[in-house]
Protein chains: 2
Amino acid sequence: MHTLTQFRLCPKSRSIRLALAEVAFEAALAEERPWEWRDEFLALNPAGELPVLEIDSGPVLCGAYAISEYFSELLKDREKDGPPPPLFHGPLDEQAEQRRLVDWFHGKLDREVTRELLVERVYGHLMPGEAHAPDPAALRAIRANIRYHLGYVNHLAHERRWLAGDEMSFADLAAAGHLSSIDYLGEIPWEAYPAAKAWYARLKSRPSFRSLLADRTPGIAPAPVYADLDF
Amino acid sequence: MHTLTQFRLCPKSRSIRLALAEVAFEAALAEERPWEWRDEFLALNPAGELPVLEIDSGPVLCGAYAISEYFSELLKDREKDGPPPPLFHGPLDEQAEQRRLVDWFHGKLDREVTRELLVERVYGHLMPGEAHAPDPAALRAIRANIRYHLGYVNHLAHERRWLAGDEMSFADLAAAGHLSSIDYLGEIPWEAYPAAKAWYARLKSRPSFRSLLADRTPGIAPAPVYADLDF
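Residues numbered from 1 in each chain as written. Chains lettered and ligands numbered in written order. Predicted model: local features only at pLDDT ≥ 70, side-chain atom pairs only at ≥ 80, totals over all residues. Heavy atoms only, no water.

Engineer: Explain the interface of chain B and chain A to me, please; I cannot follow it from the model alone.
Structural biologist: Quoted interface sizes are often the accessible area lost when the parts come together. Facing the 29 residues of chain B at the interface are 29 residues of chain A. Note on chain B versus chain A: buried area summed over both sides is about 2600 Å², and carbon and sulfur give 62% of it. Inspection of the chain B/chain A interface yields four salt bridges. Here chain B and chain A share six residue pairs in polar contact (both at pLDDT 80 or more) between them. Taken together, the elements giving at least two residues each to the side of chain B that touches chain A come down to strand E4 (60-62), helix H3 (63-74), helix H5 (92-126) and helix H6 (136-159) of chain B. Sort the elements by how many residues they give to the side of chain B that touches chain A and H5(B) lands first, with 11 residues. Per-class residue counts for the side of chain B that touches chain A are 17 nonpolar, one polar and 11 charged. (Contact = heavy atoms within 4.5 Å. Buried area = accessible area lost by both parts, 1.4 Å probe. Salt bridge = Lys/Arg side-chain N within 4 Å of Asp/Glu carboxyl O. Polar contact = N/O pair within 3.5 Å; in protein donor to acceptor, adjacent residues only side chain to side chain. Helix = DSSP H or I, 4+ residues; strand = E, 2+ residues; numbered from the N terminus. Nonpolar A, V, L, I, M, F, W, Y, C, P; charged D, E, K, R; others polar.)

This is the structure:
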């Protein structure tokens, strides 16, 4: 059995869970707390980053970048006969747009919002003996950044059917990985961003999203609207 | 003429300059100071990140990720007849290892070293009216991280001919983009890492490296060994 080592609120882990579900690749989930820096985990991925996919009788793939490109390449042959695979597809310039946005979400959004929010509201809460309340100044800065990023997603969702173009791509799944984590923590003011909300509602009702919506991180309850399809 | 918008000490810009030189793709260099957030630049890349490649009568490619994958795909056909192109190549598991390391350098090394070092020693120095001396505590933390990362590069260079395997890949160029910036600032204790040094000396003597070694950032002199091939 293939194994995906991940953390439930890790946005990159979530984007890969969505991608694997979209391509019907089944993997058992192993939970890793990224702040523990366990030796066994570092032996698997010396970077200490999530997710890691161990393919049965195959390679160990470290990180959302390596995993998403691996499956994109693997599925290239399918593209000719059916709908575009939900990773990277189409002419090179369209793929470049898909990757620009993946970079936006897994790079810029992660740095300016998700990584900091998890430190303030999740890691600080779950780390034994080190629990601390979130820093109000940090939360204010993060919330301002959330509005900036939602504004950009809203703009894209208003102009296009999917964030990178006519078809769903890994850009949508990368965005959803982050926004679903932030939404779990009740930090997304959806009402102010109707096009982003409509796009997210469409994604949220896909079968690939179900296992994410059923997730519960022990010690941290999700916001009431988190799993609601009519949020 | 194609145009690459970049900043001379930006590690991701450098990795792409190396890649373009390796594949003999000529582009004029335009200099952008990333901390200025100029409207014209944000119109080109709303993320405000470098590098950006404008292909004549072609797409605008934003970011090292989109650019490197674009050229990798473009060069796939060459792979059959000649040496592997200097981006991603070989079976899928080998490509995954190349991408794991690109992620290490453009993600982890950037976050733990290069981005912070540039803020402390370059941006803080060049920003008009806001010039400030580096924070000693921040520099100490950055220097400890430099040793950790050099230890890892040394380990890889000891075990393998190139960082990701037998052939040069974008993993080497991503690493070189960062290490050459850090080296410009005189922050690399090469003597303690002989395998890393031998690997870097080999890269440094390639023709693709020449334009980087000739670079001078106004207001910031390079370390004496920066352009020396017998460092």
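Here the narrative resumes, following the displayed structure.
Engineer: How should H6(B) be read in this particular structure?
Structural biologist: All names here are of chain B. Relative to the 34 Å expected for 24 residues at 1.5 Å per residue, H6 spans 35 Å between its end C-alpha atoms, a close match to the ideal helical length. Those residues of H6 that fall on the buried side of the exposure criterion are Leu139, Ile142, Ile146, His149, Leu150, Tyr152, Val153, Asn154, Leu156 and Ala157. On its buried side, H6 packs onto H5, helix H7 (170-184) and helix H8 (194-204). (Expected span 1.5 Å × (residues − 1). Buried < 20%, exposed > 50% of the residue type's maximum accessible area, 1.4 Å probe, protein only.)

Engineer: Honestly, the packing of aromatic side chains in this entry has me stumped. Any pointers?
Structural biologist: Aromatic ring pairs are reported here in terms of the distance separating the ring centres and the angle at which the planes meet. Taken as a whole, this structure holds 29 aromatic pairs over all chains when the rule is applied. Ring plane angle 20° and centroid distance 4.0 Å describe the contact between Trp104(B) and Tyr152(B), whose orientation is recorded as stacked. Note that Trp104(B) is positioned in helix H5 and Tyr152(B) in helix H6, a separation of 48 residues in sequence. Neither Trp104(B) nor Tyr152(B) differs from the other in exposure class; each is buried. Grouped by ring-pair contacts, the aromatic residues Trp190(A), Trp199(A), Tyr200(A), Phe209(A) and Phe231(A) constitute a single cluster. Seen from the ring of Phe88(B), Arg99(B) lies directly overhead, with NZ or CZ sitting 4.3 Å from the centre. Lying across the ring of Phe231(B), Lys204(B) places its NZ or CZ 4.1 Å from the centre. (Phe/Tyr/Trp six-rings, centres within 6.5 Å; stacked < 30°, edge-to-face > 60°. Lys NZ or Arg CZ within 6 Å of the ring centre and 35° of its normal.)

Engineer: Sorry if this is basic, but what is going on with the domain arrangement of chain A here?
Structural biologist: All names here are of chain A. When the domains of chain A are assigned, the result is domain 1 (3-81) and domain 2 (92-213). Taking only C-alpha atoms into account, the centre of domain 1 sits 19 Å from that of domain 2. Each partner contributes residues to the interface: domain 1 has 20 residues there, and domain 2 has 25 residues. Where domain 1 abuts domain 2, roughly 2000 Å² becomes buried across the two surfaces, and 65% of that area is made up of carbon and sulfur atoms. On the domain 1 side of the contact with domain 2, Leu9, Leu18 and Trp35 bury the most area, a combined 31% of that side's loss. The interface formed by domain 1 and domain 2 contains two salt bridges. Residues arginine 206 and glutamate 22 are paired through a salt bridge, measuring 2.8 Å at the closest nitrogen-oxygen approach. Applying the counting criterion to the domain 1 and domain 2 interface returns eight residue pairs in polar contact (both at pLDDT 80 or more). Of the residues that constitute the side of domain 1 that touches domain 2, the class distribution is 11 nonpolar, two polar and seven charged. (Domains from an automatic or database assignment.)

Engineer: Can you help me understand the side chain of Asn45(A) in this one?
Structural biologist: Residue and element names in this part refer to chain A. For asparagine 45, the position within the fold is in the loop between helix H2 (39-44) and strand E3 (52-54). Separated by 2.9 Å, the side chain of asparagine 45 and the backbone oxygen of glutamate 49 make a polar contact. Setting aside anything within four residues of it in sequence, one finds asparagine 45 in contact with Val52 and Cys62.

Engineer: I tried to follow the side chain of Arg17(A) on my own but got confused; where do I start?
Structural biologist: Residues and elements named next belong to chain A. Relative to the assigned elements, arginine 17 resides in helix H1 (residues 11-22). Residue classification places arginine 17 among the buried residues on the basis of a relative accessible area of 7%. Beyond its immediate stretch of four places on either side in the chain, arginine 17 contacts Leu4, Gln6, Arg8, Leu29, Ser211, Leu212 and Asp215.

Engineer: Looking at this model, I keep getting lost on the relation of the copies chain B and chain A. Mind explaining?
Structural biologist: After a rotation of 180° and a shift along the axis of 0.0 Å, chain B superposes on chain A with an RMSD of 0.0 Å. The relationship between the two copies is best expressed as a two-fold rotation axis. Residues of chain B ranked by C-alpha distance from the rotation axis are headed by Gly107(B), positioned 4.1 Å from it. When you check the interface residues of chain B against chain A, 100% turn up at the interface there too, and the contact is symmetric in its surfaces. (Least-squares fit on C-alpha atoms with pLDDT ≥ 70 in both.)

Engineer: How should I be thinking about the sheet that holds strand E3 (residues 52-54) of chain B in this particular structure?
Structural biologist: Where strands meet in a sheet, backbone hydrogen bonds hold them as pairs that are either parallel or antiparallel. All names here are of chain B. Strand order in the open sheet made by the four strands is E2-E1-E3-E4, with mixed pairing throughout. Because the sheet does not close on itself, it has two edges, and the strands there are strand E2 (27-31) and E4. Ignoring which end each strand starts from, the neighbouring axes of this sheet average 20° apart. Sheet strands touched by H3: E3 and E4. Its angle to E4, the strand with the most contacts, is close to 125°. (Pairing = 2+ DSSP bridges. Axes fitted to C-alpha atoms, helices over the stretch in contact; angles between N-to-C directions.)

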